[in-house]
Amino acid sequence: MDKKLCKPLFSIIDPINDSSDPLRAEYFRGYHRGIEAQVFGISDEWIEDHCMLVDYSIGGSGDSYIDSYARGYHDGFVGMAPESPSISSESSISPLIASIG
């Protein structure tokens with residue numbers, strides 16, 4: 001995914017994030033950050049946090065908000081479509097990611 005393809009995706013994620021429940025919002029915040037890390041790379045200052053988030057993406061931090069953020073970060077970083085709960089506006093994200101990937 002390149003930088004110019006991220007803008008349309010981010011414009012879809014931001015409103016979903018604003019209207020989501022707190023755990024969903026954390027997931028999408030992490031997803032957004034994961035895509036940024038994939039596109040722009042991981043700086044030396046960020047590598048420890050990156051590794052920690054990837055580890056927490058399967059749970060185990062002891063905090064459901066951190067786990068949700070980490071799961072979103074992982075999904076965005078590896079280019080997966082976001083988790084799809086029943087929020088109608090999210091349905092427009094998966095086709096966009098499929099067309100990019």
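Here, the structure is the one placed above.
This is a predicted model, so every value here is computed, not measured.

S.K.: Any chance you could explain the overall build of the chain here in plain terms?
M.R.: Secondary structure assignment for the chain yields 5 helices and 0 strands. Helices (α) and strands (β) of the chain occur, in sequence order from the N terminus, as α-α-α-α-α. Within the chain, buried positions represent 36% of all 101 residues. For the chain, long-range pairs separated by at least 24 residues make up 66% of all intrachain contacts whose partners lie at least 6 apart in sequence. Accessible surface, the chain as shown: approximately 5600 Å² in total, 55% of it carbon and sulfur.

S.K.: Explanation requested: helix α2 (residues 22-40) in the structure shown.
M.R.: For an α-helix, the turn length of 3.6 residues means that residues three or four places apart are oriented alike. Relative to the 27 Å expected for 19 residues at 1.5 Å per residue, α2 spans 27 Å between its end C-alpha atoms, a close match to the ideal helical length. Listed as buried for α2 are Arg24, Ala25, Glu26, Tyr27, Phe28, Gly30, Tyr31, His32, Gly34, Ile35, Ala37 and Val39. Just beyond α2, the residue with positive phi is Gly41, at close to 90°.

S.K.: Which parts of the structure should I look at to understand the pattern of salt bridges?
M.R.: Any two side chains of opposite charge can pair if their charged atoms end up close together. Under the counting rule described, the total for this entry stands at 4 salt bridges. In this structure, Arg24 engages Glu83 in a salt bridge whose closest nitrogen and oxygen atoms are separated by 3.2 Å. Of this pair, Arg24 sits in helix α2 while Glu83 is found in the loop between α4 (64-78) and α5 (93-100), placing the two residues 59 residues apart along the sequence. Exposure remark for Arg24: the relative accessible area of 9% places this residue in the buried category. Look at Glu83 and you get partly exposed, because its relative accessible area is 28%. Among the ionic pairs, Glu26 bridges to Arg29, the shortest N-O distance being 2.7 Å. Within this pair, Glu26 and its partner Arg29 are both found in helix α2, separated by 3 residues, close to a single helical turn.

Here is what the cut-offs are and how they apply
Residues numbered from 1 in each chain as written. Predicted model: local features only at pLDDT ≥ 70, side-chain atom pairs only at ≥ 80, totals over all residues. Heavy atoms only, no water. Helix = DSSP H or I, 4+ residues; strand = E, 2+ residues; numbered from the N terminus. Buried < 20%, exposed > 50% of the residue type's maximum accessible area, 1.4 Å probe, protein only. Contact = heavy atoms within 4.5 Å. Areas by Shrake-Rupley, 256 points an atom, 1.4 Å probe, with all protein chains shown as cover. Expected span 1.5 Å × (residues − 1). Salt bridge = Lys/Arg side-chain N within 4 Å of Asp/Glu carboxyl O.

Structural measurements only, silent on function.
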